[in-house]
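# Architecture and fold: a report
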Amino acid sequence: MAIRLSSENRVYAFARGMAPAATVDAGETVILEARDCYDGQVDLTRTPLSADGADGSLCNPATGPVFVRGAMPGDMLCATIEKIDVAPVGLIFGSNRDWTYSAGMAVHIEDGKVALPGGHRVPIEPVIGVIGVAPSGDDAIPNSTPGDHGGNLDTPDVRTGSTVYLPVAEEGGLFGVGDIHALQGDGEVCGQGIEIAGSVTVRLQVMKGTLGPGPVIDAGGHWAVVASAETLDEASDIALLRARDFVMARTGVKDHEAIMLLSTVCDLRISQIVNPLKTVRVCIPKRIAGAW
Ligand code: CA
Ligand code: CA
């Protein structure tokens, strides 16, 4: 029977030395219940919806941390998302790009579909916004911020069926997830997906060796090599160099050949442009880089 961790066990930053909320063996499945990105501070029954008075320091809680036995620095923690269940009601605050207005609405899910503006009813495709482990540096990284440890990646490839590989910096990994989106497009341009509480069923394994210095996602049909930086240009450069190395390591081609493959059959995609660091990913088809 899988361990179930309630959202009472939550952190607002990933940091070295976090006290584990649970300890599991590598290969175990855990169910992590997660609050919405406002930590449940927004009353979903109120009209109009308002986040006034919400404590920003409580945003993006991640449930955990989970200590995985056998995960050591230098390994990758492999988190296979088996299932994402979501609450019946979520929310979205839409802001324009200069943040001069913000309006929110509660979003109801019926028959697996969300009701969006314009009368559109769209099937949900839950995404995990925050997924991470303890970082390598001494400073805690708030859950608002993505990085090589994971964190606020807001990357739509982090969905049911995907495996997220995260570099282990501290024994046990210290894994956590939160910030579920019932639906999110690439870019997350207004700052939010359909923000919603829920639970994540995830199998935690350990891979000896590395896939690179940052998150890598096995998204089924493709690999996604992820990087975050202050600008999209910087993030793109980092992601492309990592993707080049990934392709070289997996196929044996030379560096310029790997770049040619990236330019012809791979996609550079924007995950999000709204967090303190921006996140992009290079998507490499499995026919190029193979299954693990
Ligand atoms: Ca987020
Ligand atoms: Ca979010």
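Residues numbered from 1 in each chain as written. Chains lettered and ligands numbered in written order. Predicted model: local features only at pLDDT ≥ 70, side-chain atom pairs only at ≥ 80, totals over all residues. Heavy atoms only, no water.

## Quick look at the sheet that holds strand 7 (residues 76-86)
The following threshold applies: Two strands form a pair only when DSSP identifies at least two bridges running between them. Helix and strand definitions here come from DSSP, where helices need a minimum of 4 consecutive H or I residues and strands a minimum of 2 consecutive E residues; each element is numbered from the N-terminal end. To define axes, lines are fitted to C-alpha atoms, for helices over the stretch in contact only, and angles between the resulting N-to-C directions are given on a 0 to 180 degree scale.
Taken together, the nine strands give an open sheet; going across it, the order is 1-5-19-7-16-20-21-23-22, and neighbouring strands pair in mixed fashion. The open sheet has two free edges, formed respectively by strand 1 (3-5) and strand 22 (267-272), since each of these has just one partner strand. Pairs of neighbouring strands in the sheet enclose a mean axial angle of 25 degrees, with direction left out of account. As paired elements, strand 1 and strand 5 (residues 29-34) share three bridges and run parallel to each other. Across the sheet, the residue bridging to Ile-3 is Val-30, located in strand 5.

## Examining the coordination of the calcium ion (ligand 1)
Going by this rule: Note on donors: an N, O or S atom is included if it sits within 2.8 Å of the metal, or within 3.2 Å for Na, K and Ca, and water is never included, so sites can look incomplete. Exposure categories follow from relative accessible area, calculated using a 1.4 Å probe and restricted to protein chains: below 20% of the type maximum is buried, above 50% is exposed, and the middle band is partly exposed.
Within the protein, Asn-152 (OD1), Asp-154 (OD), Asp-154 (OD) and Asp-179 (OD) serve as the donor atoms for the calcium ion (ligand 1), at 2.2 to 2.4 Å. Of note, the donors binding the calcium ion (ligand 1) are all from one chain and are spaced N-x1-D-x24-D. Between the two metal centres, the calcium ion (ligand 1) and the calcium ion (ligand 2), the spacing is 3.4 Å, with Asp-179 acting as a shared donor. Note on accessibility: Asn-152 and Asp-154 belong to one class, buried.

## A look at the nonpolar core
Within soluble globular proteins, side chains that are nonpolar generally end up buried alongside one another. Put simply, the test is: Here, the term nonpolar core denotes a set of buried Ala, Val, Leu, Ile, Met, Phe, Trp, Tyr and Cys residues that are joined through side-chain atoms within 4.5 Å. When checking whether two residues touch, look at their non-hydrogen atoms; a contact exists if any pair is within 4.5 Å.
Membership of the largest hydrophobic core comes to 40 residues, with the highest contact counts inside it found for Ile-131, Phe-175, Val-202 and Leu-204. Ranked by the residues each element gives to this core, the list is headed by strand 7, at four residues. In this structure, Val-202 is in contact with Glu-28, Thr-29, Val-30, Leu-32, Ala-79, Thr-80, Ile-81, Glu-82 and Phe-175, ignoring residues within four places of it in sequence. If you look at the next biggest cluster of nonpolar residues, it comprises 23 residues, including Ala-239, Phe-246, Val-282 and Ile-288.

## Examining the pattern of salt bridges
To keep it simple, the criterion reads: Here a salt bridge means any side-chain nitrogen of Lys or Arg lying within 4 Å of a carboxyl oxygen belonging to Asp or Glu.
On inspection of all chains with the given rule, the structure shows 14 salt bridges. A salt bridge links Asp-75 to Lys-208, with the nearest nitrogen and oxygen atoms 2.6 Å apart. Of the two residues, Asp-75 is situated in the loop between strand 6 (62-69) and strand 7 and Lys-208 in the loop between strand 19 (198-207) and strand 20 (216-218); the sequence distance between them amounts to 133 residues. We classify Lys-208 as exposed; its relative accessible area is 56%. Note that Glu-125 and Arg-159 form a salt bridge whose closest N and O atoms lie 3.7 Å from each other. Here the residue Glu-125 occupies a position in the loop between strand 11 (120-123) and strand 12 (127-132), and Arg-159 occupies one in the loop between strand 15 (150-152) and strand 16 (163-167), the gap between them amounting to 34 residues. When salt bridges that share partners are traced, they join Glu-8, Arg-10, Arg-35 and Asp-39 into one network.

## Here we look at the packing of aromatic side chains
What describes a pair of aromatic rings is the distance from one ring centre to the other and the angle between the planes of the rings. For the record, the criterion: Aromatic rings from Phe, Tyr and Trp, taking only the six-membered ring of Trp, are treated as a pair when their centres fall within 6.5 Å; an angle between ring planes under 30 degrees marks them as stacked, one over 60 as edge-to-face, and anything in between as tilted. Sitting over a ring, as applied to charges here, requires NZ of Lys or CZ of Arg to be within 6 Å of the ring centre and within 35 degrees of the ring normal.
Applying the stated criterion across every chain, the model contains three aromatic pairs. Here Tyr-38 and Phe-93 contribute two aromatic rings whose centre-to-centre distance is 5.7 Å and whose plane-to-plane angle is 70 degrees, an arrangement assigned as edge-to-face. One end of the pair, Tyr-38, is in the loop between strand 5 and strand 6; the other, Phe-93, is in strand 8 (residues 89-95), and 55 residues separate them in sequence. Considered together, Tyr-38 and Phe-93 belong to a single accessibility category, that of buried residues. Three or more aromatic residues link up through ring pairs in this structure, and these residues are Tyr-165, Trp-223 and Phe-246. A cation over a ring is seen here: Lys-286 above Trp-223, with NZ or CZ 5.4 Å from the ring centre.

## Concerning a negative patch on the surface
For clarity, the cut-off: Residues enter patches when they are more than 30% accessible in relative terms and free of salt bridges; like-charged ones are connected within 9 Å and nonpolar ones (Val, Leu, Ile, Met, Phe, Trp, Tyr) within 5 Å. Only the protein chains shown count as cover for residues, with accessible areas throughout obtained via the Shrake-Rupley method and a probe of 1.4 Å. Charge counting follows a simple rule: Lys and Arg are positive, Asp and Glu are negative, and His as well as the terminal groups are ignored. A charged residue contributes its charge at one atom only: NZ of Lys, CZ of Arg, CG of Asp or CD of Glu.
A contiguous patch of negative charge, built from Glu-230, Asp-233, Glu-234 and Asp-237, is present on the exposed surface. Considering the arrangement of structural elements, one finds Asp-237 in helix 1 (residues 232-251).

## Let's talk about helix 1
Inclusion rule: Multiply 1.5 Å by the residue count of a helix minus one, and that product is the helix's expected span. Relevant arc is that of directions from the helix axis to the C-beta atoms, nothing else.
With 20 residues, helix 1 extends 28 Å between its outermost C-alpha atoms, agreeing within 8% with the 28 Å of an ideal straight helix rising 1.5 Å per residue. Three or more residues of helix 1 are buried, namely Ala-235, Ser-236, Ala-239, Arg-242, Ala-243, Phe-246 and Val-247. Down the axis of helix 1, the sector holding all buried residues measures 140 degrees, keeping them to one side. In this structure, helix 1 carries Asp-233 and Ala-249 as exposed residues pointing more than 90 degrees from its buried face. Packed against the buried residues of helix 1 are strand 20, strand 21 (222-229), helix 2 (255-265), strand 22, strand 23 (278-285) and helix 3 (286-289).

## Considerations on the pairing of strand 4 (residues 22-25)
Judged by which residues are buried, strand 4 turns out to be one-sided: Ala-22 and Val-24 face inward and are buried, whereas Thr-23 and Asp-25, on the alternate face, are not. The pairing of strand 4 with strand 6 spans four bridges and is parallel. When the sheet's bridge partners are listed, Val-24 is paired in strand 6 with Val-68.

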